[in-house]
Amino acid sequence: VYYIARRNATAPEDAFLPGEFLTGFFSQDIINSNTAKFAEWEKPMKIKITSDSTCDLSPELLRENDIELFPLFINKGDEASADIFAHVAAGGALCSTAAVPVGVFHDRFAELAKEYDAVFHVNIGSGFSASHQNAVLAAEDLPNVYVIDSRNLSTGQGHVVLEACRLAKTATDPEEMYRQLNAFA
């Protein structure tokens, strides 16, 4: 079945439907050209999913889903580190976290925005950290970067990240994916 686009078609709904009466002669080149247009319209987008290190996903899930993490820094008195596990294993005292700086988010988002059709960052809940607000500020001038407030931390946040991965596999509209993820969170 070939879908042949009407002159100046800009979307699949502008096509003649199968069985619709067509007059005139259509060359194979025209049919192939319009078939390629429809394949492009229906093609899922190239979407990158990022999160922060509080999502508690296993290294296997991160690798399988190509999820990139931004580490929240751990304050250990006067010292900051990205590796809380080594600190705890060494018998370190209780720590506090420091949000990912706006500049760190912006620099990486800008790189990813050039490489992908859309970037979705699922952040620790805004009620737990300033990291979410920093990500929002960093994405302000990047129209294809979407920041999701998971409203969670730990495995709750990880669940939202995995939902983003699931949606990204077939997404053709980033605004719709953004609405779905916000509703999910």
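Structure: above.
Now for a look at the structure at hand. On a predicted model such as this, the values are computed, not experimentally measured, just so you know.

This part covers the nonpolar core. Within the largest apolar cluster, 21 residues are counted, with the highest numbers of intra-cluster contacts made by Ile47, Ile49, Phe120, Val161, Met177 and Leu181. Counting residues per element, the ones that place at least two in this core are strand S3 (47-52), strand S8 (118-123), strand S9 (145-149), helix H6 (155-168) and helix H7 (174-184). Counting residues per element, this core draws most heavily on H6, at six residues. With near-sequence residues (within four places) excluded, Met177 lies in contact with Ile47, Ile49, Phe120, Ala164, Leu167, Ala168 and Ala171. Core analysis: the next-biggest nonpolar cluster, separate from the first, contains 16 residues, Phe105, Leu112, Ala138 and Ala139 among them.

Further remarks concern the pairing of S9. Burial analysis of S9 places five of its five residues in the buried class, which makes it a mostly covered element. The pairing of S8 with S9 spans five bridges and is classified as parallel. Looking at the pairing, Val122 lines up with Ile148 of S9. Crossover connection from S8 via helix H5 (residues 131-139) to parallel S9: handedness right-handed.

Thresholds applied
- Residues numbered from 1 in each chain as written.
- Predicted model: local features only at pLDDT ≥ 70, side-chain atom pairs only at ≥ 80, totals over all residues.
- Heavy atoms only, no water.
- Core = buried A, V, L, I, M, F, W, Y, C linked by side-chain atoms within 4.5 Å.
- Buried < 20%, exposed > 50% of the residue type's maximum accessible area, 1.4 Å probe, protein only.
- Helix = DSSP H or I, 4+ residues; strand = E, 2+ residues; numbered from the N terminus.
- Contact = heavy atoms within 4.5 Å.
- Pairing = 2+ DSSP bridges.
- Right-handed = clockwise from strand over helix to strand, strands pointing away.

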